[in-house]
Amino acid sequence: MGEPVNSTLRRSRGRPLAVATCGLLVAAAVAGCSSGPAGPPVLNFYTPADNATGYAAGAEACTEAANGRYVVTQQTLPKAADDQRLQLARRLVAGDSEVDLVAMDVTWTAEFAEAGWIEPWPEQAAAAIEQGTLEGPLETARYQGQLWAAPLNTNTQLLWYRTDLAPQPPQTWDEMIQMSEALHDQGLPSYIEVQAAQYEGISVWFNTLLTSAGGQLVSENGDVLVDDGDAARKATSIMQRVGSSPAGDPSLSVAQENDGRLQMEAGLAAFQVNYPFVNASINTPPPDGGGGGTFIDEQGRPTAEDTGRRVVDVFAWAPYPRVDPDKPATVTIGGLNIGVSTTGGNQDLAFEAAQCLRNRENQLTNATEGGVPPTLSELYDDPAFQAEYPAWEAIRDSLESASVRPKTPAYTSISIVLADLLNPPAQIDPDTIVPRMATEVERAVNSEGLVP
């Protein structure tokens, strides 16, 4: 990561370094020293390492559009989300004036707002952001009735399945489990792949099932609602059935996104719940992608022989499976939001730059070259986006009925608690885990005790 530009030079809060040097020379009775004008303010834009080149290109485009009024410089954070959050938190707590714009994981909005690390968006600028932005991503940027960030990109999960094994995709989790077990009984590929390792992925799986069943984990006011009604029991029951099914993947309890992708490409999975990157992977030649996946025989079993048919030839997508047969699933979405820090200077310029960084052109570039779906609804009708995302319609529909992770500053602790309680899913007891979950989540919200 490059070093941020020095604030004295970039913000013109005082006279530039040359002036300070000149002052010393004057004090030493050296004449003839003069100072030049300061350059435009520089706004440091901190982003994840993934798609850093795309964000840097956006920064360059916005610098050009500013016509010399400011410069946007992209700064790369670590690859892992936890490390990104830790670095930003340390800088912001220390009052680092070199942090102007931050690309935040959607789960950080409430935490950063509550801590006073980001500015609320002014009314006029907020209205500009809300105009044309999909409601799901927009909701991740709101907290306590205010807009605290600008949605930069988003992500959602779909059902990816084999048409040779399931000519019609399952509509519900119950149906998918039944289909999987029927395939297993026939000796055919039967795995249901989902993120069930002890990490954020299993918390996301639970939250999607919970909200799809009509439940909620925690309110914005910090009220623990997970044990209200039977939604949590329905959710954990599904997780237990997937984890313990004889048709299931024996390594499910350690599976993350790439593990499910690889099992599908190897011809072992019939279904996977995952993000749209899996479609790009299976259609990308090695070494960067799955190269179409493994060859399969007439029955759909993987084979080393060149049968002329690969997994990619029977690879399709469908909406995320429902919990309630009468209601679409409410998939928990991800993505990045741009926040304007309270520690930097030139906030007015930072709000302007943030709008540029997530404008139509930059979001389209990030989507088609960086693999991150946009938050602007109009882009889903753009032929360039549709060409890169054949599942664009299913993605848009999923985003329009999406759920968000609990909007609470304690979310990181809650997620750790959930991941510990729910893993491995085969050992979940729906009758006992829900009251225990309510107790543990309450302690996390109140910052009591140690998290696992």
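Residues numbered from 1 in each chain as written. Predicted model: local features only at pLDDT ≥ 70, side-chain atom pairs only at ≥ 80, totals over all residues. Heavy atoms only, no water.

Caption draft 1: Examining the nonpolar core more closely. Within the largest apolar cluster, 54 residues are counted, with the highest numbers of intra-cluster contacts made by Trp 173, Trp 205, Phe 206 and Phe 271. In this view, Phe 206 contacts Leu 217, Val 226, Ala 232, Ala 235, Thr 236, Met 239, Leu 418, Leu 422 and Met 437; residues no more than four positions away in its chain are not counted. Among the nonpolar cores identified, the runner-up in size contains 47 residues, and Leu 77, Val 99, Phe 112 and Ala 149 belong to it. (Core = buried A, V, L, I, M, F, W, Y, C linked by side-chain atoms within 4.5 Å. Buried < 20%, exposed > 50% of the residue type's maximum accessible area, 1.4 Å probe, protein only. Contact = heavy atoms within 4.5 Å.)

Caption draft 2: The state of the cysteines, seen in detail. On inspection of all chains with the given rule, the structure shows one disulfide. With a sulfur-sulfur separation of 2.1 Å, Cys 62 is cross-linked through a disulfide to Cys 356. Disulfide Cys 62-Cys 356: the torsion about the S-S bond is -100°, which places it as left-handed. With Cys 62 in helix 3 (residues 52–65) and Cys 356 in helix 13 (residues 347–357), the pair connects residues that are 294 residues apart, well separated along the chain. In this structure Cys 62 comes out as buried when scored by relative accessible area, which is 0%. (Disulfide = S-S within 2.5 Å. Helix = DSSP H or I, 4+ residues; strand = E, 2+ residues; numbered from the N terminus.)

Caption draft 3: Seen up close, the packing of aromatic side chains. Summed over the entire model, instances satisfying the criterion amount to nine aromatic pairs. With a centroid separation of 6.1 Å and 65° between ring planes, the pair formed by Trp 160 and Trp 317 is classed as edge-to-face. One end of the pair, Trp 160, is in strand 7 (residues 158–162); the other, Trp 317, is in strand 12 (residues 315–318), with 157 residues separating them in the sequence. Its relative accessible area of 0% is what places Trp 160 among the buried residues. (Phe/Tyr/Trp six-rings, centres within 6.5 Å; stacked < 30°, edge-to-face > 60°.)

Caption draft 4: Inspection of the pattern of salt bridges at higher detail. Under the defined criterion, the tally for this structure stands at 17 salt bridges. Asp 50 is the partner of Lys 79 in a salt bridge, and the nearest nitrogen-oxygen pair spans 2.4 Å. Within this pair, whereas Lys 79 is found in the loop between strand 2 (71–76) and helix 4 (81–93), its partner Asp 50 is found in the loop between strand 1 (42–47) and helix 3, the two being separated by 29 residues in sequence. In this structure Asp 50 comes out as partly exposed when scored by relative accessible area, which is 44%. For Arg 241, the salt bridge is made with Asp 174, and the minimal N-O distance between the two is 2.6 Å. With Arg 241 in helix 10 (residues 231–244) and Asp 174 in helix 8 (residues 173–185), the pair connects residues that are 67 residues apart, well separated along the chain. When its relative accessible area of 28% is taken as the criterion, Arg 241 is described as partly exposed. (Salt bridge = Lys/Arg side-chain N within 4 Å of Asp/Glu carboxyl O.)

Caption draft 5: Looking closely at the sheet that holds strand 8 (residues 191–193). Pairing is mixed in the open sheet, where four strands are placed in the order 8-9-7-12. The open sheet has two free edges, formed respectively by strand 8 and strand 12, since each of these has just one partner strand. Mean inter-strand twist for the sheet, computed between neighbouring axes without regard to direction, equals 20°. Taken together, the four bridges between strand 7 and strand 12 define a ladder with antiparallel strand orientation. The partner of Leu 159 across the bridge, within strand 12, is Ala 318. Seen against the sheet, helix 8 touches strand 7, strand 8 and strand 9 (269–274) and runs at an angle of roughly 150° to strand 9. (Pairing = 2+ DSSP bridges. Axes fitted to C-alpha atoms, helices over the stretch in contact; angles between N-to-C directions.)

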